[in-house]
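# Report on the structure
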Amino acid sequence: MSDVNYKKISMDGLWNNNPATVQILGLCPLLAVTGSVVNALGLGLATLVVLVGSNVCVSLIRHYVTDAVRLPAFVMIIAAMTTVIEMLMQAYTFELYEILGIFIPLIVTNCTVLGRADAFASKNGILPSAVDGFMMGLGFLVILLILGGMRELVGQGTLFTNMQLLFGPMAAHWQLNVIDNYGGFLLAILPPGAFLGLGLIIAGKNVIDKRLKAIQKAKASDEPKVSRRVRTTGKVS
Amino acid sequence: MSLITSSSPHASVKNNTGAFMRQVIYATLPGLAVLTWQFGWGTVINVLWAVVVALVSEALFLKARGRSIGFYLKDYSAVVTAVLLGLALPPTAPWWLTLVGVSFAIIVAKQLYGGLGMNPFNPAMVGYVLLLISFPVAMTQWISPGDAPSLQQSLQLFAGQLPVDGLSGATPLDTFRTWAGDEAALASHPILHGELAGQGWEWVNLAFLLGGLYLISRKIITWHIPAGFLAGLAAPALVAWLIDPVRFADPLFHMLSGGAMLGAFFIATDPVSAATSRNGRLVYALLIGVLIWVIRSFGGYPDAVAFSVLLLNLSAPFIDYYTQPRTYGHNKPNRGTGS
């Protein structure tokens, strides 16, 4: 287990192999529930917990499940984890549970969860699997939050509305009215706004990647040059 | 006698994209004039402001994409998009409405897809639908025909300083939609009973028809799309009207209301987003017409040119695939990209 590179796992989940912007997985919840920050945060946290839980369980049983039945077994585990989360949300954040509705049970079908179980947890130990699940979930959550923030800001001119649904009554006044007397821009709240927003986020990530690559290249070429050319004519110094 | 010897080609064509686009702009002028006569200076203000916004957003994005700004601005395609969207917007539109719609049309619907020739959807209609979905109230307020506000009032509306409520009224399509099926109510609304069709709008549509015929005579567009469009709109309207004239409007009313003529001659004929073969264009335009009639008669919106054009833009590649003409020497048309 000494060859596990936690830094690489973390960077993969958060940036290089981000489930939302690189693998483009879990689009259904990503596009459907990011109308506001609180919805995005609620579903993102639920997905994160399911990912960590299912990765740990899959990793635990990885030596005992044969290849032939592994996918049904993984789906059963994920479904069990999702049911637990659903019941917890029903108990503690009932209003948010009602708003998110069908998208909580639909976490089962989120390709990110099954993808990580099959691609990572079934081949790695418990701790790396937990870290992988956490980092992938965090990467997904961050994109959900950015998209939710964008859509809420453009659509309603506010940020952090209804945070009491998740954090209790003390969060009721967290709402920021960024733009006063804003008429509202309905398209951002509707599904097209989600597609446009996700497209812009992916484009932004690609631009940053390109810049980073260019900087690295420039750095590499800045290193002192030793002439490797073999001179065949003239005076050899 | 000296013979001039010059090598072929002897026929020189002076037309280019810019010249074609300029002709389209000239052809909208009668429509613009009648809109101004009926509804005041709002449309002129819309068009001018839309052109400014379109040129600025096009220039900004061409710069960002590293393209030649002067070369692409001279093809006038951004101006055409702006003029068409400006004509379609209500004359009561405040400045920000036009700004949002035109910049979205140019930046998202055109430049993000790769500029002129690459856009799968008609940019002007994408902008229009964006506004219609996002700002339904501001987009459905029209001025009552013949009740045109003064230039000063129009400028105040443009600045957003004058509430629209006092000036606005329902369009003929709106009125018919509301009272369809009620014979007495339909008879009591004078807006439905102009010389030919709905008041005010009949002249607007005839003016656009005139401009469209000019475009056909100059061979800027072919007759296929306008003819198919109007036939597709009129045929189901005629059948339904013969069956139940109280519930359904007559074909002439459909053809001379809302954006029918503007759509038939100027919007559906966009060479980039329309189908390309002759038969394909007929099918494409017929379906647009039918869809407009269906949405006008049964849908939630009073007019449907923008939605129908966008839906058929989406189907244009598919229509082209099935209507590819036979090449000389082949028995069957070659379909798809294979041999």
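What you see is a predicted model; the values in this text were computed from it and never measured. The residue count restarts for each chain, going from 1 along the sequence in the order it is written. Throughout, the order in which chains and ligands are written sets their labels, letters from A for the former and numbers from 1 for the latter. Side-chain atom pairs in this predicted model are given and counted only at pLDDT of 80 or more, local residue features only at pLDDT of at least 70, and totals for whole chains, interfaces and linings cover all residues.

This next bit is on the overall build of chain B. Helix and strand assignments follow DSSP, with helices taken as H or I runs no shorter than four residues and strands as E runs no shorter than two, numbered in order from the N terminus. Within chain B, the secondary structure is distributed over 16 helices and 2 strands. C-alpha extents for chain B along the principal axes are approximately 75 × 50 × 50 Å. Taking all 339 residues of chain B together, the buried fraction comes to 48%. Residue pairs are scored as contacts if the distance between their C-beta atoms, which are placed from the backbone, is within 7 Å. Within chain B, counting contacts between residues at least 6 apart in sequence, those at least 24 apart form 74% of the total. Comment: burial labels come from other C-beta atoms within 10 Å of the residue's own C-beta, placed from the backbone, where a count of 20 or more is buried, 12 or fewer is exposed, and between is partly exposed.

What follows is about the overall build of chain A. A tally of regular secondary structure across chain A gives 10 helices and 2 strands. Along chain A, helices (α) and strands (β) appear in the sequence α-α-α-α-α-α-α-β-α-β-α-α when read from the amino end. Expressed as a percentage of its 237 residues, the buried residues of chain A come to 35%. For chain A, the proportion of contacts with a sequence separation of at least 24, taken over those separated by at least 6, is 78%.

Quick look at the packing of helix 1 (residues 17-39) of chain B against helix 2 (residues 42-64) of chain B now. Residues and elements named next belong to chain B. Axis lines are fitted through C-alpha atoms, for helices just across the contact stretch, and the angle between N-to-C directions can take any value from 0 to 180 degrees. With their axes 7 Å apart at the nearest point, helix 1 and helix 2 run at an angle of 135 degrees to one another. Taken together, the axes of helix 1 and helix 2 are oblique relative to one another. For the pair formed by helix 1 and helix 2, the contact residues are L32, L35, T36 and F39 on the first element and G42, T43, V44 and V47 on the second. For this classification, Asp, Glu, Lys and Arg are treated as charged, while Ala, Val, Leu, Ile, Met, Phe, Trp, Tyr, Cys and Pro are nonpolar and the rest, including Gly, are polar. Class assignment of the residues belonging to the contact of helix 1 with helix 2 gives a composition of 5 nonpolar, 3 polar and no charged. Working rule for angles: under 35 degrees goes down as roughly parallel, over 145 as roughly antiparallel, 65 to 115 as roughly perpendicular, anything else as oblique.

Before going further, it helps to examine the domain arrangement of chain B. All names here are of chain B. The start and end points of each domain follow an automatic or database-based domain assignment. Examined at the domain level, chain B breaks down into domain 1 (15-169) and domain 2 (172-197 + 216-323). Spacing between the C-alpha centres of domain 1 and domain 2 amounts to 22 Å. Tallying the contact residues gives 21 residues for domain 1 and 15 residues for domain 2. At the level of secondary structure, the elements contributing two or more residues to the side of domain 1 that touches domain 2 comprise helix 1, helix 4 (77-88) and helix 6 (123-134). Here the side of domain 1 that touches domain 2 takes 6 residues from helix 6, the largest share from any one element. In terms of residue class, the side of domain 1 that touches domain 2 is made up of 15 nonpolar, 6 polar and no charged.

Residue and element names in this part refer to chain B. Inspection of the secondary structure puts P251 in helix 13 (residues 251-255). Judged by C-beta crowding, with 22 C-beta atoms within 10 Å, P251 ranks as buried. Here the alpha-carbon distance between P251 and W49, two residues 202 residues apart in the chain, equals 35 Å. Ignoring sequence-local partners within four residues, the contact set of P251 consists of A234, A237, L238 and W241.

Glancing now at helix 10 (residues 191-222) of chain A. Residue and element names in this part refer to chain A. Take the residue count of a helix, subtract one, and multiply by 1.5 Å to get its expected span. With 32 residues, helix 10 extends 47 Å from end C-alpha to end C-alpha; this agrees with the ideal 46 Å at 1.5 Å per step. For helix 10, the complete set of buried residues consists of G193, A194, G197 and L198. Residues of helix 10 that are buried make contact with helix 2 (27-32), helix 7 (126-156) and helix 9 (186-189).

Phi is positive for Y76 of chain B, which is not a glycine, with a value near 60 degrees. Unusually for a residue other than glycine, K219 of chain B sits at a positive phi of about 60 degrees.

So, about the packing of helix 1 of chain B against helix 11 (residues 201-217) of chain B. All names here are of chain B. It is at 8 Å that the axes of helix 1 and helix 11 come closest, and there the two elements cross at 165 degrees. Relative to helix 11, the element helix 1 is oriented roughly antiparallel. The two elements helix 1 and helix 11 cross, and the hand of that crossing is right-handed. Across the interface between the two elements, Q23, V24, A27, T28, P30, G31, A33, V34, L35 and Q38 from helix 1 touch W203, V204, A207, F208, L210, G211, G212, Y214 and L215 from helix 11. Grouping the amino acids of the contact of helix 1 with helix 11 by side-chain chemistry returns 13 nonpolar, 6 polar and no charged. Here a crossing is called left-handed whenever its near helix is offset anticlockwise from the far helix by less than a right angle, and right-handed whenever the offset is clockwise.

To continue, consider the UniProt feature "modified residue: FMN phosphoryl threonine" (unreviewed entry) in chain B. Residues and elements named next belong to chain B. UniProt positions are given in the numbering used here, feature names are shortened, and annotations may be inferred rather than shown by experiment. Per the UniProt record, "modified residue: FMN phosphoryl threonine" (unreviewed entry) is annotated on T171. Within the element layout of this structure, T171 appears in the loop between strand 2 (168-169) and helix 9 (172-179). Beyond its immediate sequence surroundings of up to four residues, T171 is in contact with W142, W201, G258 and P302.

Moving on, we get to the nonpolar core. Each nonpolar core reported here comprises buried Ala, Val, Leu, Ile, Met, Phe, Trp, Tyr and Cys residues connected via C-beta atoms within 7 Å. Within the largest apolar cluster, 103 residues are counted, with the highest numbers of intra-cluster contacts made by A82 and L85 of chain B. Structurally, this core is a two-domain feature, drawing no fewer than three residues from each of domain 1 (15-169) and domain 2 (172-197 + 216-323) of chain B. Counting residues in each nonpolar core, the second largest holds 43 residues, with I9, A46, V52 and M81 of chain A among its members.

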